[in-house]
Amino acid sequence: MTRVATMTTSDRIPGGAIQPHVLIVEDEISLVELLRYTLERSGYRVTTTDDGEEALASVRDDRPDIVLLDWILPSMPGIEVCRQLRRGAATANIPIIMLTARGEEGDRIRGLDAGADDYVAKPFSPSELVARMRAVLRRIRPALTDEVLAYGDIRMDLVQHRVTRGGKSRHLGPTEFRLLRHLMEHPARVFSREQLLDAVWGRDVYVEARTVDVHIRRLRVALECDADGGPIRTVRAAGYALDTGVG
Ligand code: CA
């Protein structure tokens, strides 16, 4: 995976010797200045642009560790910038957080569908954003280096391919392992069955959406999930999420 190279700088957050580079793509000047101030104080190197085309060029010239991307930009919508970054081999793995005034669930899903790693609705507090950035950088990195993913009492050792819950070793089939890994890399994010198929089985494989349900069921059995499936939550008419939310 190509993300490893990017993330070697990002694991120094906060206060490490290497400054992670954040690109802010936003046309609201006052917000840009506020973010620049906050992020520089948090140890980031900050570059900015108010234009989508320019953002794409800038990413190629000076690759950021993370991108903050406004939804509504003058020339090109943020969601299109996001899609184009995801399409480029060299830029496909750069973490992206979408910033937007839109709080609608549909827009949130569109943003995540386009490949954003997270979504922050305006207005937000700068400290909340910094926390979300750290979370994105942290949760992406361990998945791509020789480490352990943890969520609640579930631990995944990606090197030894071992899973425990509540300290007890769990046996997972290879598909369940990949499925759990994907959910643990993106906690609290709702994935449709189609998204899980793409991520876990691959885009070129034809598998029925129902297959996802079968493997989710096996995963829940292996992890001794609650009667309602928790912490692997079924989101009605949407899909699945690993979280402790009420739903
Ligand atoms: Ca805007």
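What you see is a predicted model, and the numbers here were worked out from it, not measured in a lab.

Undergrad: Requested: an account of the environment of Leu-149, with residues and values cited.
TA: Structurally, the position occupied by Leu-149 is in strand S6 (residues 148–151). Assessed through its relative accessible area of 4%, Leu-149 is described here as buried.

Undergrad: Give a detailed account of the sheet that holds strand S3 (residues 66–70), specifying residues and quantitative values.
TA: One open sheet holds the five strands; their spatial order is S2-S1-S3-S4-S5, and the pairing between them is parallel. Of all strands in the sheet, those with a lone pairing partner are strand S2 (45–49) and strand S5 (118–121), marking the two edges. Across the sheet, the axes of successive neighbouring strands diverge by a mean angle of 20°, strand direction being ignored. Strand contacts of helix H4 (residues 78–87): S3 and strand S4 (96–100), with the helix running at about 170° to S4, the strand carrying the most contacts.

Undergrad: Residue-level account of the coordination of the calcium ion, with values.
TA: Bound to the calcium ion are the protein donor atoms Asp-27 (OD), Asp-70 (OD) and Ile-72 (O), situated 2.0 to 2.3 Å from the metal. Counting along the primary sequence, the residues that act as donors to the calcium ion give the motif D-x42-D-x1-I. Owing to a relative accessible area of 4%, Asp-70 belongs among the buried residues under this scheme. Ile-72 sits in the exposed class, given a relative accessible area of 52%.

Undergrad: How would you sum up the pairing of strand S7 (residues 154–157)? Please name residues and give values.
TA: Going residue by residue along S7, you find Ile-154 and Met-156 tucked away on one face and Arg-155 and Asp-157 left uncovered on the opposite face. When S6 meets S7, the two strands line up antiparallel, connected through four bridges. Within S7, the residue paired with Tyr-151 across the bridge is Ile-154. Where S6 folds back onto S7 in an antiparallel hairpin, the turn is made up of two residues, including Gly-152, whose phi is positive at roughly 55°. Between the end of S7 and the start of strand S8 (residues 162–165), which pair antiparallel, lie four residues, with His-161 showing a positive phi angle near 55°.

Undergrad: Provide a residue-level description of the sheet that holds S7, including the pertinent values.
TA: Taken in spatial order, the four strands make up an open sheet running S6-S7-S8-S9, and their pairing is antiparallel. The two strands at the open ends of the sheet, each matched to only one other strand, are S6 and strand S9 (168–170). Between one strand axis and the next, the sheet turns through 25° on average, direction left out of account. Packed on one face of the sheet, helix H7 (residues 174–185) meets S6, S7 and S8 and runs near 115° to S7.

Rules and cut-offs
- Residues numbered from 1 in each chain as written.
- Predicted model: local features only at pLDDT ≥ 70, side-chain atom pairs only at ≥ 80, totals over all residues.
- Heavy atoms only, no water.
- Helix = DSSP H or I, 4+ residues; strand = E, 2+ residues; numbered from the N terminus.
- Buried < 20%, exposed > 50% of the residue type's maximum accessible area, 1.4 Å probe, protein only.
- Pairing = 2+ DSSP bridges.
- Axes fitted to C-alpha atoms, helices over the stretch in contact; angles between N-to-C directions.
- Contact = heavy atoms within 4.5 Å.
- Donors = N, O, S within 2.8 Å, 3.2 Å for Na, K, Ca; no water.

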